[in-house]
Each structure stands twice: as C-alpha cells, then as structure tokens.
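# Tertiary structure, described
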Amino acid sequence: MTAPEPALADVVARLRRAMRRAARTADPDNTLSVAQLELLSCLFENPGARPSRIAQLLKLAPNSVTTMVTGLRSRDLVTRTSGGDDRRTVALELTDTGRAAVERWQGHNAAILAAALDGVHPAWRHLIAAAVPALNELVGAIDALAESGQPH
C-alpha cells in the first residue's frame, strides 16, 4: 500500500489554491494579499500579540511582519500599542475594520465550502465532516513540528 503523505500533501496544496481562487472570485474587491489576510487572521486568533510572536507563528522574518503591519496600519486594519508594563514592547490589535475583513474572508471561505459540498456525493460529505476532528489534530501536530523547528 502506498503511503498517504504525498497524496495528502498534494490534495492540501490543491485545496488551498482552489480556495484562494474561489475567494478572489467571490470577493473581487478585496485588495488584501493572502499573506496580509493570514497575518490578520493570526492576529484575530492571538489578539495583543507582539510582532515577534506573529513572525514566529507565521514563520516569517520579523522585518516582513513589520512591513506588512505598517501597510495594514495605513489601511486602518491594525493598531500598535505599548505592550503593557514594558513600554519598549509593542502589542498589535485588529481594528474594527480589520476584524470585519477577517470575518468577511472567513465568511466567503465558509460559503465556498458549503456550495462546493452541495455538489459532493452525500457519502463523501459525511466522510469529510467526520474527518474534521482528525484534520484539526493534524494541524496541531504540524504546528508543533513548526514550533520545535523540526521540519520532519
């Protein structure tokens, strides 16, 4: 029996590309890049995070995060505040506009999946739904690998 990893890696990559294409079609007025949306989503999940933490979570260079944050601040999507007791640190927060952008992106993604699943055979829909907890565990395991610095 063939190992499932190459096939799973391929289908995940194709699913990501398909979702990006469909999201661009669903929201053609969205001028944010995928990288910007991922940063906003990361901040949505980690409010008040420092730029260094966002860089660590997204596996980006700190200067890349700084550049993106500067652009997102100019668009009123992110704010920078002093990080509590230590005024030398910076905390990032989504603005209401930034939160709305993330929620709109998530809403489009959910609607895309709902429409696509409508066209999938019911037995496959059931299997896809049943696989969600396992996929969440897989995401956690991949995140743990990334955090440990071990690619594989």
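Looking at an unreviewed UniProt entry, one finds the chain named MarR family transcriptional regulator and attributed to Amycolatopsis dendrobii.

## Section: the environment of L94
Assignment of secondary structure puts L94 in strand β2 (residues 86-94). In this structure, L94 is in contact with L40, L43, F44, L77, V78, R99 and V102, ignoring residues within four places of it in sequence.

## Notes on the side chain of N30
Structurally, N30 is set in the loop between α1 (5-26) and α2 (34-45). At 2.9 Å, the side chain of N30 and the backbone nitrogen of L32 are in polar contact. With residues up to four places along the chain from it excluded, the contact list for N30 reads R24 and L37.

## Section: the domain arrangement of the chain
Splitting the chain by domain gives domain 1 (22-112) and domain 2 (120-151). Distance between the C-alpha centres of domain 1 and domain 2: 24 Å.

## Some details on the nonpolar core
Core analysis: the biggest nonpolar cluster contains 24 residues, and L40, I54 and V78 have the highest contact counts within it. At the level of elements, α1, α2, α3 (51-58), α4 (62-74), β2 and α5 (96-118) are the ones that each hand at least two residues to this core. A total of five residues in this core trace back to one element, the largest contributor, which is α2. Setting aside chain neighbours within four positions, we find V78 in contact with L40, L43, V69, L72, R73, L92, E93, L94 and T95.

## Focus on unusual backbone geometry
The phi dihedral of K59 falls on the positive side, at around 55 degrees, and the residue is not glycine. Relative to the helices and strands, K59 resides in the loop between α3 and α4. Even without being a glycine, D76 presents a positive backbone phi close to 60 degrees. With respect to the helices, strands and loops of the structure, D76 is situated in the loop between α4 and β1 (78-83).

## A few points about the side chain of T95
For T95, the position within the fold is in the loop between β2 and α5. Within the structure, T95 has its side chain in polar contact with the backbone nitrogen of G98 (distance 3.0 Å).

## As for a nonpolar patch on the surface
Residues L8, V11, V12, L135, L138 and I142 make up a contiguous nonpolar surface patch of roughly 460 Å² in combined accessible area. Contributions of two or more residues to the nonpolar patch are made by α1 and α6 (122-148). Examined against the element boundaries, V12 turns out to sit in helix α1. With a relative accessible area of 40%, V12 lands in the partly exposed category.

## Digging into α5
Helix length check: α5 (23 residues) gives 32 Å between terminal C-alpha atoms against 33 Å at 1.5 Å per residue, within 8%. Of the positions making up α5, those classed as buried are G98, A101, V102, W105, N109 and I112.

## Regarding the environment of R14
Of note, R14 is situated in helix α1. R14 sits 135 residues away from G149 along the chain, and the two C-alpha atoms are 25 Å apart. Of the polar contacts made by the side chain of R14, one reaches the side chain of D10; its length is 2.9 Å.

## Let's talk about the packing of α2 against α4
Taken N-terminus to C-terminus, the directions of α2 and α4 make an angle of 90 degrees; their axes are 11 Å apart at the nearest point. Considered as vectors, α2 and α4 are oriented roughly perpendicular to each other. Within the contact between the two elements, α2 uses A35, Q36, L39 and L40 and α4 uses V65, M68, V69 and L72.

The rules behind the values
Residues numbered from 1 in each chain as written. Predicted model: local features only at pLDDT ≥ 70, side-chain atom pairs only at ≥ 80, totals over all residues. Heavy atoms only, no water. Helix = DSSP H or I, 4+ residues; strand = E, 2+ residues; numbered from the N terminus. Contact = heavy atoms within 4.5 Å. Polar contact = N/O pair within 3.5 Å; in protein donor to acceptor, adjacent residues only side chain to side chain. Domains from an automatic or database assignment. Core = buried A, V, L, I, M, F, W, Y, C linked by side-chain atoms within 4.5 Å. Buried < 20%, exposed > 50% of the residue type's maximum accessible area, 1.4 Å probe, protein only. Patch = residues over 30% accessible without salt bridge, like charges linked within 9 Å, V, L, I, M, F, W, Y side chains within 5 Å. Areas by Shrake-Rupley, 256 points an atom, 1.4 Å probe, with all protein chains shown as cover. Salt bridge = Lys/Arg side-chain N within 4 Å of Asp/Glu carboxyl O. Expected span 1.5 Å × (residues − 1). Axes fitted to C-alpha atoms, helices over the stretch in contact; angles between N-to-C directions. Parallel < 35°, antiparallel > 145°, perpendicular 65-115°, else oblique.

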